[in-house]
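# Coordinate inspection notes
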Amino acid sequence: MSTEAAVVHEPGKAREAFRAITRDVSSVAEAQKPHKLWLVALAIAVTAFLIGVYSVYVLVTTGIGVWGNHNMVDWAWDITNFVWWIGIGHAGTLISAVLYLTRQTWRVSINRAAEAMTIFAVMCAGLFPLLHTGRPWFAWWMLPLPNDMGSMWPQFRSPLMWDVFAVSTYLTVSILFWYMGMVPDLATFRDRCAMQGKKIRAIIYGVLSLGWRGSARHWHRYERAYLILAGLSTPLVFSVHSVVSFDFATSQLPGWHTTIFPPYFVAGAIFSGFAMVLTLLLPLRFLFNLQHIIKQEHIGAMCKIMLGTGMMVGIAYATEFFIAWYSGNPFELFAFRSRAFGPFWWAYFAMVSCNVLVPQFFWVKWVRNNNILIWVLCILINVGMWFERFVIIATSLARSFLPSAWAHYHPTRYDVGLFVGTIGMFVMFFLLFFRFLPVIAMSEVKGASPEAHAGGPATKGGHH
Amino acid sequence: MATEIETNGNGEGELYGLLAEFDTPGELVEAARKVHDAGITEFDCYSPFPVHGIDPAMGIKRTILPLIIFGGGFSGAMGGLALQWYCNAHAWTWNISGKPTWSIPANIPVAYECAILIAALTSFLGMWIFNKLPQVWHPFFRRDRFAHVTDDAFFIGIEARDRRFDQDKTTKLLQDAGAINVENVYLDPDPAKKQMPKWITAFIVASTAFALVPFAIAAKARNSKSTEPHIHIFPDMDYQPKYKSDQMMDVFADERANRGEIQGTVARGWLTTDDLFYRGLETSEAGAKWTTAFPKTYPDGRPFVVDMDLLQRGRNRFEIYCTPCHGYDGRGNGMIPERVKLTGGLWQARNLIEAPDKDGKGGVAVQMPNGQLFNTISNGYNTMMGYAAQIPHADRWAIVAYVRALQRAQNAAQTDIPADQQGSLR
Amino acid sequence: MSALTKSLHPDDKVKAGKLGSGMVKVGIGLAALFGILSIILGAVHGDNWKRFFYAYVIGWMFIVSIPIGMLWLVLLHHLVRGRWATAVRRLCECMTLAFPVVFIFGLPIIIALLAGYSDLYYWNHPDARNAALNPHMQHKLSAWLTPFWFAFRFVVYGAIYTGISMYFAKKSREQDDSGDPKISDRMRIASGPAMILYAFTTCALAFDVLMSIAPKWYSTIYGVGYWATSEVGAFSALALLVLWVQRNGRLVHSINEEHYHDIGKWNFSFTFFWAYTAFSQFMLQWYGNMPEETVWYKYRMFGEWQWVSIAILVGYWAFPFVFLMSRWTKRIVPSLVFFSVWQLAFHWLNLYWNAMPSYDWEVTYEGTQKLVQGPLMGSLAHHHVGLSAVDFTVWIALVGVLIAAIGRNLTGNLIPTKDPTLGMSLAHEQL
């Protein structure tokens, strides 16, 4: 029985590889002056964020009437944006948790940024259910707290209540997972700051890293907890977007009430989430010279995942359409015809071309190696997924059972302003994260590198 | 590979242990195995990432954390179900779209999320607690080389308190295992350095106190004795641009917002065309007369039935409204006549149940037709005020029925007693 | 993560030898014995073979689900450049090569339909065409649910499954001779389109053969649910096949508890995923409360079938979920055998529960006019669980067919000897 190490390293060379990883990742946060483009991007993001702040101010002081929602189309941009953002957040958890469980080690270059993206996306998402209540200062009524109205308790049988639990659990667990993963890297920052004499930064990173010192006994429990959190996050990711899909599927509206929604929404979420990961990481990878850590084949793998999940979404479209005909339910079939030929036919067209046609480009290897093209395609995919949620929501509401209840819908500037604001907030937080926190999971990259096995049994006798 | 032993400087405190640095993870694992095999237990390995194979080499036992997390998840699920059962199926049950108040299919999502939340919190907190972190300082941090442990360096640290620790022998063990550097680690001799710096303690106390301030304000505000109106941060619809009944309105000459009833209109539910039900009158071309029977139907079409329910209702209403004057037996000796007696006067309410005597005197209430009784309840008679405002029409008829029952009861012949109760007479 | 590799142990027996033919003999024996029993019991049942055919559909969906599940693993393995499964992949391929024989044994259903047999699928019954009785079914009775189109699609499904599985099995064996890594590339490139074709075909098969048993009912997630339960069955069957092959002295050094652990993990994951699809379907139709949908669950939540539903909830999900979570239940052979057999049994029960409540058709009489209203109608008291011997004998007979079909292909190398990823698969270790 022979055992071969995959790579043989000379002693000392292994450590050089680790130092390079530390240096490359830490330099992003340690640069004295931020990169000019980073400042420009931050300025744009903050401007967009302020537009959002103004939109929220008008909304909260005046009321939901400033939006385009009205009696028949009572959910529109608000819930579309909510589902869109939550969907985007799912890629982060998938990269962290599911790729960990399936031992896809290439995840280590992108998981930290993806987890951060999840948290910021969920924060943006959570704004919409909060604000769409009309009186967001009463949002605490959603929690089962004893009160002087009886006590009146929340209605747990409602999918909107399930959303409250699902999204807040998702936010909490994502933060826990993200933070836990960062602790060893925050310790790295602590030690580097200490060595470079940056005392205040060292203390801040020191407190945040909880005194981590890389003890093997600690790593043992850490690894088990990490594995279990990954194992918990996987069903969590499935459940969150399934619960979001229940908002629609538990109703009786044609186009909404269909049993395939849960897995179809989850597939769509992963699809749009990966597109957003690449939208963010491709420019940053280029700006901060992280090409040797975030490798082209990793990007290629992500393109293939988008292709796969895009096809799942496509097969769901086909199944829905088929069963709408098969069921003999005239309202259901009408709903699908109205999607394609009714007042929102242009949104439907955007949805199908961006979700089914665009990912087909990823079959071609040349495309998978062309980062600018990938970036454009990813943006189109996110646009397509936005339109998918919009089509689902608006067409079923605008063309429901009674023709007397059919309605038009137009968004207002405050709908758009709030959406733009959330994009600004998301990018702003992400840029800040990039500047101040470890953007790549250094300890995981080191652990996944071939050098992590250096000095193993085969190279015994290679030193002294 | 040359190794160095640093000799301790002067003025150092007690020896904490040895710190040995290694070049590669593989060597670390082998060295750890040797240390473990030598019977040393108070030692640990330090690395920038978890090293493959080090757990068995060090003899680290599998942690029980997974079991605890499973327990956490299970309690989360049960807790979630219990919460929903309590809130929706027990404390305040509502019928929402016909779903059962205890609807397990609808209760699963929240229970599931609670399970995951509690399991995740258990996992996170449990891991830090078991690892005894945060522990922001450790003696090894005194060594500069140790700062590289989060970068590229691999260490074994052996504590001096281990039973098998011997400064020379253990140092040699580490050198033989391939350490590129072995140094002694001493604690700081200054005992003050062993305590948390005072400013940190002060900071924690101050920030905790500061964090409690909002809660203190809220608690104080709950018991305000102020006569000022509440502060409305969000006025909501508390102040609405509309007029309420008794407000002033300067548009009109009389400055009232209330314009009174509109001539020629009848409020909904107040169109009382049914003379029989609303006034006790049977009307015909010949005129109107008091009915001697009861209405046939209620205004909404339900049949008017004189049954036990009606009599019980009549008794209930009679006892509320009529007994103060007429008494519980209807003879007219209620509480008010009693009080009048106390003040030296003499007054009785009508005796409702006495039959007319041989000369035909008295027994007014017995002889009065039902409709007239009804009218008396509604509009009063002499000192009796009308009760139309207090007693709805249907209840007035119930009282009439009950009064008739009282009259029958007090004026019955022996033959009226049911056969099976004849024997109860004494 | 370990980039370690091991090479094939020189003493390890990788050739099937007589193993396959042994399996074929067992399979044929079972099929023949229980097949004859089934025919006798079916005839004797006295319902014009209705119970026989229902049991046949259920048993056939059971045996086709095993190669369906294994084909997915083969395709996924190539698609994502998988490593752990290389050691067992050849056995999976052998299982997928059972498709042609399995589909041939599906022909009795097809032939019966084409011959006008009307007691299996209500849509093939003359009363289904009664527009007054079934107003919302007519549109699909002429365009989709006709014996001809049903048969046509059936043949297409068989051709697609056979085509895909034969391509991958053939290429895989080619690599045994040359060890050419380009063959792996070709399989990887083919696995993408193959996966898409596989997904459409599996959903369509489930809609056609199983869902149309209750032709007025529908659920868009039905195909996904069938796929999920197929995977549970397939991974259970894989575990048993691997252990049996090892018991007979083959691949003893190549496959170890690390691989069992992974097979167990997939079984666990798909148990959970199946429960997720089953719950989604149930909860959404329960919540929406639309009679045309809830009727399917009405007969499974009340009356005799509720006990079967509870048994499936506890036995197919709760019990395996709790116990397969632990490391050890997946690594210790007796435990893995127990859970594999258990899940196979409950996989069958799940399919039984999917189809059999539709067995009792409602028949009304208007004067002397007999009207067959179809499945899932009428009083709950008329819907019996009534486990009948023919249900089991048909199942076992068809399982015998599957065993023979797999055994027929259990020849040559039982492991892809020159696959570039074999070394990593052999050195595979859990986290």
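Notes on the structure follow. None of the values given here were measured: they were computed from a predicted structure. (Residues numbered from 1 in each chain as written. Chains lettered and ligands numbered in written order. Predicted model: local features only at pLDDT ≥ 70, side-chain atom pairs only at ≥ 80, totals over all residues. Heavy atoms only, no water.)

## Quick notes on the packing of aromatic side chains
All names here are of chain C. Under the defined criterion, the tally for this structure stands at 128 aromatic pairs over all chains. Between the aromatic rings of Phe-103 and Phe-154, the centroid separation amounts to 5.0 Å while the plane-to-plane angle is 50 degrees, which identifies the pairing as tilted. Residue Phe-103 is located in helix H4 (residues 99-104), and its partner Phe-154 is located in helix H7 (residues 147-178); the two are separated by 51 residues in the primary sequence. You'll find Phe-103 and Phe-154 in the same group, each marked buried. (Phe/Tyr/Trp six-rings, centres within 6.5 Å; stacked < 30°, edge-to-face > 60°. Helix = DSSP H or I, 4+ residues; strand = E, 2+ residues; numbered from the N terminus. Buried < 20%, exposed > 50% of the residue type's maximum accessible area, 1.4 Å probe, protein only.)

## Quick word on unusual backbone geometry
A:Ser151 follows A:Gly150 through a cis peptide bond whose omega is -10 degrees. Within the element layout of this structure, A:Ser151 appears in the loop between helix H4 (111-132) and helix H5 (159-196). Cis geometry is adopted by the peptide bond preceding B:Pro134, which originates at B:Leu133 and carries an omega value of 0 degrees. Looking at the secondary structure, you find B:Pro134 in the loop between helix H4 (104-130) and strand E4 (154-159). Phi angles above zero are rare outside glycine, and A:Asn289 is one such case at about 55 degrees. A:Asn289 gets classed as exposed once you look at its relative accessible area, which sits at 52%. Phi angles above zero are rare outside glycine, and C:Trp49 is one such case at about 70 degrees. Secondary-structure assignment places C:Trp49 in the loop between helix H1 (19-44) and helix H2 (50-79).

## Remarks on the interface of chain A and chain B
With 72 residues of chain A at the contact, the number on the chain B side is 80 residues. Taking both sides of the interface into account, the surface hidden between chain A and chain B amounts to around 6,700 Å²; carbon and sulfur atoms contribute 66%. When the area that chain A buries against chain B is broken down by residue, the three leading residues are A:Arg15, A:Arg157 and A:Arg213, summing to 14%. Where chain A touches chain B, the interface holds 32 residue pairs in polar contact (both at pLDDT 80 or more). Elements with a contribution of two residues or more to the side of chain A that touches chain B: helix H1 (13-30), H5, helix H7 (216-249) and helix H15 (442-448) of chain A. Tallying contributions element by element places H7(A) first for the side of chain A that touches chain B, with 19 residues. Taken together, the residues that form the side of chain A that touches chain B break down as 37 nonpolar, 22 polar and 13 charged. (Contact = heavy atoms within 4.5 Å. Buried area = accessible area lost by both parts, 1.4 Å probe. Polar contact = N/O pair within 3.5 Å; in protein donor to acceptor, adjacent residues only side chain to side chain. Nonpolar A, V, L, I, M, F, W, Y, C, P; charged D, E, K, R; others polar.)

## With respect to the interface of chain A and chain C
On the side of chain C, 50 residues touch chain A, which itself brings 43 residues to the contact. Counting each side, the surface lost to burial between chain A and chain C is near 4,100 Å², with a carbon and sulfur contribution of 66%. Among the residues of chain A in contact with chain C, A:Arg103, A:Thr259 and A:Tyr326 are the three that bury the most area, contributing 20% of the side total. The tally of links from chain A across to chain C stands at 0 salt bridges. On inspection of chain A and its partner chain C, the count reaches 14 residue pairs in polar contact (both at pLDDT 80 or more). Counting residues per element, the ones that place at least two in the side of chain A that touches chain C are H5, H7, helix H8 (261-287) and helix H9 (296-326) of chain A. No other element matches the 10 residues that H9(A) contributes to the side of chain A that touches chain C. Here the side of chain A that touches chain C is built from residues that sort into 23 nonpolar, 15 polar and 5 charged. (Salt bridge = Lys/Arg side-chain N within 4 Å of Asp/Glu carboxyl O.)

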